[in-house]
Amino acid sequence: MVGMSVLRSAAAFAARLSPLKSGNKVSNLLTRTIPKTEQVLVRWGHGKQLFVIKSSSYYDTRFLHLLKYYILLTGIPVAAGITFINVFFGEAELAEIPEGYEPEYWEYYRHPITRFISRNIYDSPVKDYEKMMAAIQIEQEKGEHRLAHLEVRRQMRQRGDGPWFQKGTVDKGLIDHSPKSTPDT
Amino acid sequence: MPDDFDKDVYPVPPRRTPADNKQTSLPSPAVIASKLFYYSVDLPVTKFRECIDSIQSGHKSVYYHQRFRRVPDLTECEEGDYVCYYEAEMQWRRDYKVDQEIVRILQERMRACTQREGDSYHQNCSKELQNYNDATKAFLSRYGDLGAYASGRKCLMKQKERMMDAQKA
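Worth saying up front: this structure is predicted, and the values here are computed from it rather than measured.

A look at the state of the cysteines
Residues and elements named next belong to chain B.
Part 1: All chains considered together, the criterion is met by 2 disulfides over all chains.
Part 2: Here C77 is linked by a disulfide to C84, with a sulfur-sulfur distance of 1.9 Å. Across the S-S bond linking C77 and C84, the dihedral sits near -80°, which makes this disulfide left-handed. The burial state of C77 is the same as that of C84; both residues are buried.
Part 3: The disulfide partner of C113 is C125, and the gap between their sulfur atoms is 2.0 Å. Classification of the bridge connecting C113 and C125 rests on its S-S torsion, roughly -100°, and on that basis the disulfide is left-handed. Here C125 lies in the loop between α3 (121-124) and α4 (126-143) and C113 lies in helix α2 (residues 82-117), a separation of 12 residues in the sequence. C125 shares its class with C113; the two are buried.

What follows is the structure, encoded as structure tokens:
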């Protein structure tokens, strides 16, 4: 009984001395055993499971997955096709134009796909040239016609001897000369 | 195989490998390195090329350089004949491209010569240097400063200015 009070006062004294030390709380001063040293994990197994808080990478991974998918969806067939053409058809080699031979317009290109596009899809460069010259000639003639029109207007207005700029008058045969003493000039 | 470069235009300098003076029976590291390169790079590449050539050998196609007829120049066109202007303009553009390629080829030859000769290029490459300088001066006097929207008309006006300056001086 007395010993208990002595112990209690000793606990209170120890707690007052160093109150922050974990072993010195009043509650476990009386009931504490000699504390074992911390059980350090010597062999690092799976590690302590931590709940790491980071932002969601779901949208990023989804975007990158979809990007790769849609690029490769047509990218792989296109690359395979171009490899096939380069291996099995091959590029053309440069040669001198033989005497008396007029090469077709697609024979001026090297790669087989360019030749194909030039032969089947595009018009020949000569035809494009002629189309451009035809358009230029049409516009040139339109311009010349407009200038000529203006000149003709000017001349006819000035001279008055053309079909334009005439004012219509009444037919001569319809004039009733009977009440008139002198003829109209 | 694609053609090797023209040996006259780009002469290969004489080899300066020293005479073999082996004093050991061990293989020299240069031989080891060259054999390594041969078996790891040269041989597979050559075999691949031969394989593809054998696949393509049946149906080889050729391409040609196009030759264009000469058409009347801008100075020989009637005024207001826009079709003639167009043909002259197209011819001027083709000539412009050809001149650019000429200067580029001369520049490449000069650079190859400089690389070959090293520090003594002032003496040994004088012909290539002279050719390139002349070509560049001529090109710049004709086509320089015309800008991105260069045209045959602007080039003709530049020539007129040049002739006026030459007459004044």
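Back to the write-up after that little detour.
Observations regarding the interface of chain A and chain B
Interface size is commonly expressed as the accessible area that is lost once the parts come together.
Part 1: If you look at the interface, chain A gives 26 residues, while chain B gives 19 residues.
Part 2: When chain A packs against chain B, close to 2200 Å² is buried across both sides, 61% of that on carbon and sulfur atoms.
Part 3: Taken as a group, A:L94, A:Y108 and A:Y129 account for 25% of the area that chain A buries against chain B, more than any other trio of residues on that side.
Part 4: Across the pair A:E93 and B:K60 runs a salt bridge whose closest N-O atoms are separated by 4.0 Å.
Part 5: The tally of links between chain A and chain B comes to 12 residue pairs in polar contact (both at pLDDT 80 or more).
Part 6: Counting only elements with at least two residues in the side of chain A that touches chain B, the list comes to α3 (58-88), β1 (93-94) and α5 (125-159) of chain A.
Part 7: The element best represented in the side of chain A that touches chain B is α5(A), accounting for 6 residues.
Part 8: When the residues that make up the side of chain A that touches chain B are grouped by side-chain class, the tally is 16 nonpolar, 4 polar and 6 charged.
Part 9: The pairing of β1(A) with strand β1 (residues 62-63) of chain B spans 2 bridges and is classified as parallel. Counterpart to A:E93 in the pairing with β1(B) is B:V62.

Examining the environment of A:W106
Residue and element names in this part refer to chain A.
Part 1: Considering the arrangement of structural elements, one finds W106 in the loop between β1 and α4 (112-120).
Part 2: Note: C-alpha distance between W106 and P125 (19 residues apart in sequence) is 9.4 Å.
Part 3: What W106 contacts, discounting residues up to four positions off in sequence, is R115, S118 and R119.

As for the pattern of salt bridges
Residues and elements named next belong to chain B.
Part 1: All told, the structure shown has 12 salt bridges over all chains when counted by the stated rule.
Part 2: The partner of D53 in a salt bridge is R49, and the shortest N-O contact between them spans 3.3 Å. Note that D53 and R49 are positioned in helix α1 (residues 29-56) at a spacing of 4 residues, about one turn of the helix.
Part 3: A salt bridge links E101 to R104, with the nearest nitrogen and oxygen atoms 2.7 Å apart. In this pair, E101 and R104 both sit in helix α2, 3 residues apart, roughly one turn of the helix.
Part 4: According to the relative accessible area criterion, R104 is partly exposed, its value standing at 46%.

Quick word on the packing of aromatic side chains
Part 1: This model, assessed by the stated rule, comprises 13 aromatic pairs over all chains.
Part 2: Here the aromatic rings of A:Y129 and B:Y86 are separated by 5.4 Å at their centres, their planes lie at 45°, and the arrangement is tilted. With A:Y129 in helix α5 and B:Y86 in helix α2, this pair bridges two chains.
Part 3: Of the residues examined, B:Y86 reaches a relative accessible area of 13% and is grouped as buried.
Part 4: Measuring from ring centre to ring centre gives 4.5 Å for B:Y96 and B:Y143, while their planes differ by 25°; the resulting arrangement is stacked. With B:Y96 in helix α2 and B:Y143 in helix α4, this pair connects stretches of sequence that are 47 residues apart.
Part 5: When the ring centre of A:W106 is taken as origin, the NZ or CZ atom of A:R119, which lies over that ring, is 5.4 Å away.

The rules behind the values
Residues numbered from 1 in each chain as written. Chains lettered and ligands numbered in written order. Predicted model: local features only at pLDDT ≥ 70, side-chain atom pairs only at ≥ 80, totals over all residues. Heavy atoms only, no water. Disulfide = S-S within 2.5 Å. Buried < 20%, exposed > 50% of the residue type's maximum accessible area, 1.4 Å probe, protein only. Helix = DSSP H or I, 4+ residues; strand = E, 2+ residues; numbered from the N terminus. Contact = heavy atoms within 4.5 Å. Buried area = accessible area lost by both parts, 1.4 Å probe. Salt bridge = Lys/Arg side-chain N within 4 Å of Asp/Glu carboxyl O. Polar contact = N/O pair within 3.5 Å; in protein donor to acceptor, adjacent residues only side chain to side chain. Nonpolar A, V, L, I, M, F, W, Y, C, P; charged D, E, K, R; others polar. Pairing = 2+ DSSP bridges. Phe/Tyr/Trp six-rings, centres within 6.5 Å; stacked < 30°, edge-to-face > 60°. Lys NZ or Arg CZ within 6 Å of the ring centre and 35° of its normal.

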